Amino acid sequence: MSWDDLKGLKYYLGFAVVVISFYIYSNLVGWRWLNTTKTTHEQGASRSHSRGYFYHK
Amino acid sequence: MSGSNYTIACLNCGTVNTVRGKAMTLAMTCASCKYYLRLGKWNTDRSIFSFKAEPAIPLGKKGKFDGVVYEVMGFVVKQETKYHYKWREYLLFNPMQGYAFLAEYNGNWNFVWPVEHGPKEGAPEIDFYHEDNYYRLYQKYRAEVVYARGEFFFDVVDLGESTVNHEYIAPPYVYTLEKNQDSILWCKGEYCSPGEIAKAFGMPVKTLPAKEGRGYTQPVITGFRAGSLIIASLAILILMIALQFFFNGTAKEEVVFSGTFNRNELKDQKFFVSSSFDLKGGTKSVEVDVYAPLVNDWFYADFALINETTGMEYNFSKDIEFYSGYEGGESWSEGSTRGEAFISQIPEGRYHVNIYPEFGTSNESFSMRVTRDVSSLSNFFVTVLVLAIFPAVFFIHTHIVEAKRWEDSDYSPYTTE
């Protein structure tokens, strides 16, 4: 592969760098893109409410 | 012939023609009556050409290719003897570099120059490798000159009629072989866009013949070779595999909670609450595995993973069912007694899980295990797939274009006959 080829592929290689960087970031923060588990986020009840029904196993 | 060494008076019309190529010129046409003549003897057998054509690049015009200035010495129109299509060739000359050609067909150009040593001995029948390129035979033909104007360093008319021409292409390059009983001449060529030709001669591109279709040596894409894209793609794939091995190897997969819950311990409560556990190491994934000893039964639960510091809840549900039996002499089963839920991007902190279970008919218990920092393969496959789109589209496009390119050839590798 020559330098001219690298220059010709610069857009693809640049795209690859962006995609791979995103992949690395996602793996570092535990982000699975295609997740079959549907998760909702909400600012929930207070800690004391939960503790009221605390069941230790 | 009459006159000095560098002028010739035409016997047809008497016009005195200056010979720009001096002693190198072996044939030329009269500037006035267009009569074709060979130096040293008159061409008494041939009358003036019946076909008429005008060169798009004027004779005497100078153009620069790879830093070398060439002058247009001659112009010929050739016709293939079998299919009778015509193309145009310009003879170029530089005192230091010698001669070269510009060949034009349907507005597609090739800059062609003779090479001292051919890529192969004799005339390869089909194809050959040379200088990292795979050359395929594109056409083999005889041609006749139907029009000539200017000066030539060989008898362009007789030479054209006595030779068999082979053209081997590896776009943007072409090797041409002109072979007759006495000699073999190899030339190498490279595709030039109309813009490059116009720039070389300093003339407007609109004065050149309009480009029609794709030139037979026109590369599918300029800027890189297909082999380089393959190498780059393989390098990226290897990098991706190495990265995935790295993430698999460094994922802690730490079990932060594991417990079993019995239905009878629920009493009048509606949900279980796990003991608290710490998630460490920054933002990471969490996987919750659920197992229920089901026998033709189901189990469903809503889960709330709760950050005890911020109160943020991550809600999800899991439904598992398992059925089995014996029917028609065969045992069968469907479903599973296990299920898993994957929760992305959970910040570190102290957490517990609220579980809101719904039991089936006979099952009385279930187990739950919470694992921190679990590796995932799906991102790897998605990334590889995304990165493969461009090479895939490129090679599909290349295949279509190449098949189209070879439609005009008798030696197409894309026909299955």
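Residues numbered from 1 in each chain as written. Chains lettered and ligands numbered in written order. Predicted model: local features only at pLDDT ≥ 70, side-chain atom pairs only at ≥ 80, totals over all residues. Heavy atoms only, no water.

Before going further, it helps to examine the pairing of strand β10 (residues 127–130) of chain B. Consecutive side chains of a regular strand alternate in pointing toward one face of the sheet and then the other. All names here are of chain B. Where β10 meets strand β11 (residues 133–141), 4 bridges bridge the pair, whose relative direction is antiparallel. The partner of H130 across the bridge, within β11, is N133. Counted along the chain from β10 to the antiparallel partner β11, the turn is 2 residues long, and its residue E131 has a positive phi close to 50°. (Pairing = 2+ DSSP bridges. Helix = DSSP H or I, 4+ residues; strand = E, 2+ residues; numbered from the N terminus.)

Attention now moves to the interface of chain A and chain B. Contacts between chain A and chain B engage 42 residues on the former and 57 residues on the latter. Buried surface at the junction of chain A and chain B, summed over both partners, amounts to about 4500 Å²; 57% is from carbon and sulfur atoms. For the pair chain A and chain B, the interface holds 0 salt bridges. Inspection of the region where chain A meets chain B yields 15 residue pairs in polar contact (both at pLDDT 80 or more). Mapped onto the side of chain A that touches chain B, the elements with two or more residues apiece are α1 (3–8), α2 (10–28), β1 (40–43) and α3 (47–51) of chain A. (Contact = heavy atoms within 4.5 Å. Buried area = accessible area lost by both parts, 1.4 Å probe. Salt bridge = Lys/Arg side-chain N within 4 Å of Asp/Glu carboxyl O. Polar contact = N/O pair within 3.5 Å; in protein donor to acceptor, adjacent residues only side chain to side chain.)

The subject of this paragraph is the pattern of salt bridges. Residue and element names in this part refer to chain B. One pass over the structure, following the stated rule, counts 12 salt bridges over all chains. The closest approach of N and O atoms between E308 and R350, which form a salt bridge, is 4.0 Å. Residue E308 is found in the loop between β20 (297–307) and β21 (312–327), and its partner R350 is found in strand β24 (residues 349–359); the two are separated by 42 residues along the sequence. Residues K404 and E407 are paired through a salt bridge, measuring 3.6 Å at the closest nitrogen-oxygen approach. Beyond isolated ion pairs, a larger network of salt bridges with shared partners links D278, E308 and R350.

What follows concerns the side chain of B:T217. Relative to the elements of secondary structure, B:T217 occurs in the loop between α2 (194–201) and α3 (226–250). Apart from the residues within four sequence positions on either side, B:T217 is in contact with B:N110, B:I169, B:P171, B:P172, B:Y173, B:V174, B:Y191 and B:R405.

Burial along strand β5 (residues 62–65) of chain B is one-sided: B:G63 and B:F65 are buried, while B:K62 and B:K64, pointing the other way, are not. In this antiparallel pair of consecutive strands, β5(B) and strand β6 (residues 68–80) of chain B, the connection spans 2 residues, and B:D66 shows a positive phi of 50°. (Buried < 20%, exposed > 50% of the residue type's maximum accessible area, 1.4 Å probe, protein only.)

For the rest of this paragraph, the subject is the sheet that holds strand β25 (residues 365–372) of chain B. Within a sheet, adjacent strands bond to each other through the backbone by hydrogen bonds, running parallel or antiparallel. Residues and elements named next belong to chain B. Read across the open sheet, the 4 strands follow the order β16-β25-β19-β23; overall the sheet is antiparallel. Of all strands in the sheet, those bounded by a partner on one side alone are β16 (254–262) and β23 (338–346). Strand-to-strand twist across the sheet, computed as the mean angle between neighbouring axes with direction ignored, equals 15°. Judged from the 7 bridges that link them, strand β19 (residues 284–291) and β23 form a sheet pairing that is antiparallel. Residue pairing for β23: Y291 is matched across the bridge by R338. (Axes fitted to C-alpha atoms, helices over the stretch in contact; angles between N-to-C directions.)

All right, on to the packing of α3(B) against helix α4 (residues 378–405) of chain B then. Residues and elements named next belong to chain B. Here α3 crosses α4 at 175°, and the two axes come no closer than 11 Å. With respect to each other, α3 and α4 are oriented roughly antiparallel. Here A226, L229, I230, S233, I236, L237, M240, I241 and Q244 of α3 come into contact with α4, specifically with F380, T383, V384, L387, F390, P391, F394 and F395. Of the residues in the contact of α3 with α4, the class split is 14 nonpolar, 3 polar and no charged. (Parallel < 35°, antiparallel > 145°, perpendicular 65-115°, else oblique. Nonpolar A, V, L, I, M, F, W, Y, C, P; charged D, E, K, R; others polar.)

Another point: the nonpolar core. Residue and element names in this part refer to chain B. By size, the foremost hydrophobic cluster in this structure holds 41 residues, and its most contacted members are I57, L102 and F201. Secondary structure elements with two or more residues in this core: β6, β7 (86–94), β8 (98–105), β9 (108–114), β12 (143–152), α1 (156–162), β15 (184–192) and α2. Setting aside chain neighbours within four positions, we find L102 in contact with I57, F65, R88, E89, Y90, L92, W109, N110, F111, I197 and F201. Of all hydrophobic cores here, the second largest spans 29 residues; its members include F303, A341, I343 and F359. (Core = buried A, V, L, I, M, F, W, Y, C linked by side-chain atoms within 4.5 Å.)

Before going further, it helps to spend a moment on the domain arrangement of chain B. Domain assignment breaks chain B into domain 1 (49–219) and domain 2 (252–374). Centre-to-centre, using C-alpha coordinates, domain 1 of chain B lies 75 Å away from domain 2 of chain B. (Domains from an automatic or database assignment.)

With that out of the way, let us pick up the packing of α2(A) against α4(B). Closest axis-to-axis distance for the α2(A)/α4(B) pair is 10 Å, and the angle between their directions is 175°. Looking at the two axes, α2(A) sits roughly antiparallel to α4(B). When α2(A) is examined against α4(B), the residues A:Y12, A:F15, A:A16, A:V19, A:I20, A:Y23, A:S26 and A:N27 are found in contact with a partner set consisting of B:N379, B:F380, B:T383, B:V386, B:L387, B:F390 and B:P391. Tallied by class, the residues present in the contact of α2(A) with α4(B) amount to 11 nonpolar, 4 polar and no charged.

Once that is clear, we can look at the side chain of A:R32. The topology assignment puts A:R32 in the loop between α2 and β1. Buried A:R32, no salt bridge; nearest opposite-charge side chain is B:E287, N-O distance 4.4 Å. Within the structure, A:R32 has its side chain in polar contact with the side chain of B:S376 (distance 3.1 Å). Among all residues touching A:R32, those that are not within four sequence positions of it are B:E287, B:F342, B:S344, B:S375, B:S376, B:S378 and B:N379. (Lys, Arg positive; Asp, Glu negative; His and termini not counted.)

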